[in-house]
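# Geometric and topological summary
Each chain, written out:
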Amino acid sequence: MFQTIIDYFESINPILAALYATLFTWFLTALGASFVFFFKNMNRVILDGMLGFTGGVMIAASFWSLLSPAIEMSKGEGFIKVIPAAVGFLLGALFIFGLDKILPHLHINFKETEGIKSPWQRTTLLVLAITLHNIPEGLAVGVLFGGVAAGIPEASIAGAVTLAIGIGIQNFPEGIAVSMPLRRMGMSRWKSFMYGQSSAIVEPIAGVLGAVAVTFFTPLLPYALAFAAGAMIFVVVEEVIPETQQDKNTDIATLGLIGGFIVMMTLDVALG
């Protein structure tokens, strides 16, 4: 089945493929958010374990799918070869750091509001927080497909599809993590679902923009891959991991992270 998917994506324009792949990651977010129609509450232990899993997938994807290919496709030897990855990684982290300080958003625990002061409702701030996560995820998938369009040997359809599958898997608990707290606040099931799934709408946008940018500026690819990795690692360290440490479920969250890392590493090595 996986080979059939690869064959299909190889038969279409890579930018269109980036759109389809990121629509898939959005769909899994929506699927997770749909759980609000069946449950009003989610056990905090389960939620922390799933968020830990999300962090593990993002960390593994950052290295296996993004940083490692970025270094491989960079020219030169020694310190010269790693410069594009190092620069891109730093810029990606600084990009999310800047958005984190400017964009008003609320963490899942509803206790910490960040960014500039805003009169926006807490529900809007929560959705913005998850949307912030999804920008580098969509970008990561897009730049890989853009590398394929540009004819970069180190970029492959199989690798891009594998990354999209991994991102989609970790988007599933993210959809739950947004919709469930909103439902507990008294919001209707439909509105909770709509807010939950809308947090990933940015992924197809970022994916297509990333693919187009790399297609027109091929030398940017190693920087772009590392940029997405830096952005994802910043999100994991600054928000995902601390979020799982709010209660007494630290061991479950840590094991979830290890599990997520293993799943994404296995997918990338076996399929990518």
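Criteria and thresholds
Residues numbered from 1 in each chain as written. Predicted model: local features only at pLDDT ≥ 70, side-chain atom pairs only at ≥ 80, totals over all residues. Heavy atoms only, no water. Helix = DSSP H or I, 4+ residues; strand = E, 2+ residues; numbered from the N terminus. Buried < 20%, exposed > 50% of the residue type's maximum accessible area, 1.4 Å probe, protein only. Contact = heavy atoms within 4.5 Å. Core = buried A, V, L, I, M, F, W, Y, C linked by side-chain atoms within 4.5 Å. Axes fitted to C-alpha atoms, helices over the stretch in contact; angles between N-to-C directions. Parallel < 35°, antiparallel > 145°, perpendicular 65-115°, else oblique. Left-handed = near helix turned anticlockwise from the far one by under 90°. Nonpolar A, V, L, I, M, F, W, Y, C, P; charged D, E, K, R; others polar. Arc of directions from axis to C-beta. 1 Å grid on protein atoms, 1.4 Å probe; cavity = no way out; pocket = protein on both sides within 12 Å on 5 of 7 lines; lining within 4 Å. Points joined across faces, edges and corners; volume = space filled by probe spheres on them. Phe/Tyr/Trp six-rings, centres within 6.5 Å; stacked < 30°, edge-to-face > 60°. Expected span 1.5 Å × (residues − 1). Bend = angle between axes of the 7 residues up to and from the residue.

Moving on to the overall build of the protein chain. Summing up its helical and strand segments, the protein chain has 10 helices and 2 strands in all. In sequence order, the protein chain lays out its α and β elements as α-α-α-α-β-β-α-α-α-α-α-α. Among the 272 residues that make up the protein chain, the fraction classed as buried is 53%. For the protein chain, the share of sequence-separated contacts (at least 6 apart) that also reach a separation of at least 24 residues comes to 80%.

This next bit is on the nonpolar core. Formed by 48 residues in total, the largest nonpolar core has its most connected members in Phe9, Leu66, Phe145, Leu163, Leu221 and Leu225. Within the residue set of this core, elements represented by two or more residues are α1 (2-10), α2 (14-33), α3 (44-72), α4 (79-102), α5 (122-149), α6 (157-184), α8 (202-216) and α9 (221-244). Among the elements that make up this core, the one with the highest residue count is α9 (12 residues). Not counting residues up to four positions away in its chain, the partners in contact with Leu225 are Leu66, Pro69, Ala70, Met73, Val143 and Leu144. With 7 residues, the next largest nonpolar core counts Leu47, Met50, Leu51 and Ala177 among its residues.

So, about the environment of Gly49. By the element assignment, Gly49 lies in helix α3. Classification of Gly49 as buried rests on a relative accessible area of 13%. Along the sequence, Gly49 and Leu257 sit 208 residues apart, while their C-alpha atoms lie 7.6 Å from each other. Contact partners of Gly49, with chain neighbours within four places excluded, come to Ile252, Ala253 and Gly256.

The contact between α3 and α6 brings their axes to 9 Å, and the two run at 155°. By the angle between their axes, α3 is roughly antiparallel relative to α6. Pair α3 / α6 crosses with left-handed handedness. Across the interface between the two elements, Leu47, Met50, Leu51, Phe53, Thr54, Val57, Met58, Ala61, Ser65 and Leu66 from α3 touch Leu163, Gly166, Ile169, Gln170, Pro173, Glu174, Ile176 and Ala177 from α6. Looking at the contact of α3 with α6, its residues break down into 13 nonpolar, 4 polar and 1 charged.

We now examine helix α7 (residues 189-198). Listing the buried residues of α7 in full gives Ser192, Phe193, Gly196 and Gln197. End-on, the buried residues of α7 take up no more than an arc of 120°, which puts them together on one face. Structural note: α7 exposes Trp190 and Lys191 on the side pointing more than 90 degrees away from its buried face. Those residues of α7 that are buried lie in contact with α2 and α6.

With that settled, consider empty space enclosed by the protein. Under the counting rule described, the total for this entry stands at 2 cavities of 30 Å³ or more. The space that makes up the second largest cavity amounts to roughly 40 Å³. Lining the second largest cavity are Ile96, Asp100, Leu132, His133, Phe234, Val235, Glu238 and Glu239. Elements that contribute at least two residues to the lining of the second largest cavity include exactly α4, α5 and α9. Top element by residues in the lining of the second largest cavity is α9. It accounts for 4 residues. Of the residues belonging to the lining of the second largest cavity, the class tally is 4 nonpolar, 1 polar and 3 charged.

The next subject is the packing of aromatic side chains. Evaluation of the coordinates by the stated rule reveals 9 aromatic pairs. With a centroid separation of 5.4 Å and 45° between ring planes, the pair formed by Phe37 and Phe193 is classed as tilted. Of this pair, Phe37 sits in the loop between α2 and α3 while Phe193 sits in helix α7; the two residues are 156 residues apart in sequence, bridging distant segments of the chain. For Phe37, a relative accessible area of 34% translates into the label partly exposed. An angle of 35° between the planes, with centres 5.7 Å apart, marks the rings of Trp190 and Phe193 as tilted. One end of the pair is Trp190 and the other is Phe193, both in helix α7 and 3 residues apart, which spans about a single turn.

Moving on, we get to α3. Over its 29 residues, α3 extends 41 Å from the first C-alpha to the last, a length consistent with the 42 Å expected when each residue adds 1.5 Å. For α3, the principal kink sits at Ser62 and spans about 30°.

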